[in-house]
Amino acid sequence: MIEKRFSAAAETYDRHARPQLALAQSVVSMLPEMYPEQILELGSGTGQLTRLLTDRFPDVPIEAVDVAEKMAVHSRAKFKRFPQINWIVGDAQTYWSGDHYPLIVSSSALHWVSDLRATCDNIFNSLEPGGTFALGMMLKGTLRELHDLRKVIAPGKTPVLTLPTYEEAGAYLLEAGFHLERRRHSEEEIIYYDAKAFLKAIHEQGVTGGKVSTGNAPLSRTELSQLVADYQENFTSGDGVYATYETATFLLNK
Ligand SMILES: C[S@@+](CC[C@H](N)C(=O)[O-])C[C@H]1O[C@@H](n2cnc3c(N)ncnc32)[C@H](O)[C@@H]1O
């Protein structure tokens, strides 16, 4: 269950979340001149994007929603000096407080939902007319080296689902009724000290064990050792190993 996995990663997530921090910064940098009365954030996790929002919009009430209870507990304690943030346990796919928001944001979270189309519809309905939705998400090319290698090492254990493509994400948003203001598509290679450190980092971000990195059965010890050795050999860069992150940032209006 996704909420259990992210709950388990609540303590370690921030140490390894460089690509997610860059995406959260991209979301905030895309926001237009505005000063909303309140903000809804979906998939708030340990509060990386939330913190940037408090800098940009001091004192604006933020409803920070995450499906993993431990993430909400962790962030509530970490941000106790920010009484304007309300940490809520809820599912972005269905969450609605009864309010309509002038600004909804989300970063590095919505690629996890099982039904992105329905989630876009839900967000559209929660936004007030004229409101803004700023979304940053991971896309299909993320960790492609790892996925390709898994297919070779354990062909019967490939992930059941994949992340959305840039085109799919864009299409779902438009079909939900959003008007596209701006978008940014990027691919970046992040360098890790070695293959072991890389696998540990994505595990501690809560990335492993999910629909995009686990097949119908976990890797055996032998397969895992093979994965580490082959990753180290095939995806080495000057000062470590690399992993690709494909992301998109969308700025939308209702
Ligand atoms: C990779 S973290 C990103 C957290 C934060 N937004 C950031 O930028 O660092 C993803 C978060 O999304 C949450 N999440 C995943 N699926 C969700 C859903 N359906 N509804 C709400 N939160 C969800 C996870 O529990 C996790 O805390």
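Going by the structure above, here's the rest.
This section reports on the structure supplied with the text. (Residues numbered from 1 in each chain as written. Predicted model: local features only at pLDDT ≥ 70, side-chain atom pairs only at ≥ 80, totals over all residues. Heavy atoms only, no water.)

Considering the site of the ligand
Next up, step 1: Around the ligand, the structure places 20 residues, and the nearest of them are Gly43, Asp66, Asp91, Ala92 and Ser107.
Next up, step 2: Gly43 has a polar backbone atom sitting 2.8 Å from a nitrogen atom of the ligand.
Next up, step 3: Between Ala92 and the ligand, the recorded distance is 2.8 Å, taken from a backbone N or O atom to a nitrogen atom.
Next up, step 4: When its residues are assigned to classes, the shell around the ligand shows ten nonpolar, seven polar and three charged. (Near = heavy atom within 4 Å. Polar contact = N/O pair within 3.5 Å; in protein donor to acceptor, adjacent residues only side chain to side chain. Nonpolar A, V, L, I, M, F, W, Y, C, P; charged D, E, K, R; others polar.)

Topic: unusual backbone geometry
Next up, step 1: In this structure, Asp59 takes a positive phi of about 75° despite not being glycine.
Next up, step 2: Tracing the backbone through its elements, the reader meets Asp59 in the loop between helix 3 (48-56) and strand 2 (62-66).
Next up, step 3: Accessibility expressed as a relative area gives 65% for Asp59, which makes it exposed.
Next up, step 4: Not every positive phi belongs to a glycine, and Ser108 is a case in point at roughly 55°.
Next up, step 5: Tracing the chain through its elements places Ser108 in the loop between strand 4 (101-107) and helix 5 (116-126). (Helix = DSSP H or I, 4+ residues; strand = E, 2+ residues; numbered from the N terminus. Buried < 20%, exposed > 50% of the residue type's maximum accessible area, 1.4 Å probe, protein only.)

What to know about the side chain of Ser126
Next up, step 1: Turning to its location among the elements, Ser126 is positioned in helix 5.
Next up, step 2: The residues touching Ser126, leaving out its near neighbours within four places in the chain, are Tyr95, Trp96, Asp99, His100, Tyr101 and Ile104. (Contact = heavy atoms within 4.5 Å.)

What about helix 7 (residues 166-176)?
Next up, step 1: The set of residues buried in helix 7 consists of Tyr166, Ala169, Gly170, Tyr172, Leu173 and Ala176. All buried residues of helix 7 lie within an arc of 160° about the axis, which places them on one face of the element. What points out from helix 7, more than 90 degrees from its buried face, is the exposed set Glu167 and Glu175.
Next up, step 2: Taken together, the buried residues of helix 7 touch helix 5, strand 5 (127-138), strand 6 (179-192) and strand 8 (240-253).
Next up, step 3: Downstream of helix 7 by one or two residues, Gly177 has phi in the positive range, about 120°. (Arc of directions from axis to C-beta.)

What to know about the pairing of strand 8
Next up, step 1: Most of strand 8 sits out of view: 13 of its 14 residues are buried.
Next up, step 2: Bridging between strand 5 and strand 8 involves seven bridges; their strand directions are antiparallel. From the neighbouring strand, Phe133 faces strand 8, where its bridge partner is Leu252.
Next up, step 3: Both strand 6 and strand 8 contribute to a ladder of 13 bridges, which runs antiparallel. Following the sheet pairing, Ile190 is matched in strand 8 by Ala243.
Next up, step 4: The pairing of strand 7 (residues 236-237) with strand 8 spans two bridges and is classified as antiparallel. The residue bridging Thr236 from the neighbouring strand is Val241, located in strand 8.
Next up, step 5: Between strand 7 and strand 8, which pair antiparallel and follow one another directly, the connecting turn spans two residues. (Pairing = 2+ DSSP bridges.)

Describing the nonpolar core
As a rule of thumb, nonpolar side chains are buried together in soluble globular proteins.
Next up, step 1: Core analysis: the largest hydrophobic core is formed by 28 residues, its most contacted members being Leu42, Ile104, Leu110, Phe133, Leu173, Phe178 and Phe250.
Next up, step 2: Every element with two or more residues in this core is listed here: strand 1 (39-42), strand 4, helix 5, strand 5, helix 7 and strand 8.
Next up, step 3: Among the elements that make up this core, the one with the highest residue count is helix 7 (five residues).
Next up, step 4: Excluding residues that lie within four positions of it along the chain, Phe250 makes contacts with Met30, Phe133, Ala134, Leu135, Tyr166, Ala169, Gly170, Leu173, Leu180, Arg182 and Arg183.
Next up, step 5: Grouped together as the second largest cluster of nonpolar side chains are 23 residues, Met138, Leu199, Leu227 and Val241 included. (Core = buried A, V, L, I, M, F, W, Y, C linked by side-chain atoms within 4.5 Å.)

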